[in-house]
Amino acid sequence: MPALNVEFSDRELEDLRQIAKERGTSMKALVREAAAADIARHRALQEGAEAFRRFFATHADEFAAAFPEDEPSAKGEGRVA
């Protein structure tokens, strides 16, 4: 499995040791879990943004009618979703 060396300050390293000890896990598992959680969060945000873009594009005319003051001027500015 590929690996990654990560540098931490002395304070961060001590905090990681303490947290791992409190959770009864290894520092390696703790850091891997944190990275995996951040990856999952990032993917979820990307998927949510894409779902919003699709929803907005599907309902663009309804949004334009409901919020005409938010529409771009007619000077060639297109709607961006």
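Please read all numbers here as calculations on a predicted model, not as lab measurements.

**What to know about the layout of surface pockets**
- Empty space within the largest pocket amounts to approximately 450 Å³.
- Surrounding the largest pocket, 13 residues form its lining, Ala3, Leu4, Lys28, Val31 and Arg32 being those nearest its centre.
- In terms of residue class, the lining of the largest pocket is built from 10 nonpolar, 1 polar and 2 charged.

**Things to note about helix 1 (residues 10–23)**
- Its 14 residues give helix 1 an end-to-end C-alpha distance of 20 Å, which sits within 8% of 20 Å, the value for a rise of 1.5 Å per residue.
- The first or second residue beyond helix 1 is glycine 24, which carries a positive phi of 70°.

**Looking at the pattern of salt bridges**
- Scanning the model with the defined rule gives 5 salt bridges in all.
- Notably, a salt bridge pairs glutamate 50 with arginine 53, separated by 3.3 Å at the nearest N-O pair. Here the residue glutamate 50 and the residue arginine 53 both occupy positions in helix 2 (residues 27–58), the gap between them amounting to 3 residues, near one helical turn.
- Here glutamate 50 falls in the partly exposed class, since its relative accessible area comes to 33%.
- A residue is classified by how much of its surface remains accessible, and arginine 53, at 34% relative accessible area, is partly exposed.
- Each member of the salt-bridge network shares a partner with another, and the members are Glu50, Arg53 and Arg54.

**With respect to the packing of aromatic side chains**
- Scanning all chains against the criterion turns up 3 aromatic pairs.
- Between the aromatic rings of phenylalanine 56 and phenylalanine 63, the centroid separation amounts to 4.9 Å while the plane-to-plane angle is 25°, which identifies the pairing as stacked.
- Put simply, the rings of Phe52, Phe55, Phe56 and Phe63 pair up and form one aromatic cluster.

**Section: the confidence of the model for the protein chain**
- In the predicted model, the protein chain carries a mean pLDDT of 92, and 90% of its residues have values of at least 70.
- Ranking the helices and strands of the protein chain by mean pLDDT puts helix 1 first, with 98, and helix 3 (residues 60–66) last, with 94.

The rules behind each value
Residues numbered from 1 in each chain as written. Predicted model: local features only at pLDDT ≥ 70, side-chain atom pairs only at ≥ 80, totals over all residues. Heavy atoms only, no water. 1 Å grid on protein atoms, 1.4 Å probe; cavity = no way out; pocket = protein on both sides within 12 Å on 5 of 7 lines; lining within 4 Å. Points joined across faces, edges and corners; volume = space filled by probe spheres on them. Nonpolar A, V, L, I, M, F, W, Y, C, P; charged D, E, K, R; others polar. Helix = DSSP H or I, 4+ residues; strand = E, 2+ residues; numbered from the N terminus. Expected span 1.5 Å × (residues − 1). Salt bridge = Lys/Arg side-chain N within 4 Å of Asp/Glu carboxyl O. Buried < 20%, exposed > 50% of the residue type's maximum accessible area, 1.4 Å probe, protein only. Phe/Tyr/Trp six-rings, centres within 6.5 Å; stacked < 30°, edge-to-face > 60°. pLDDT = per-residue confidence, 0-100.

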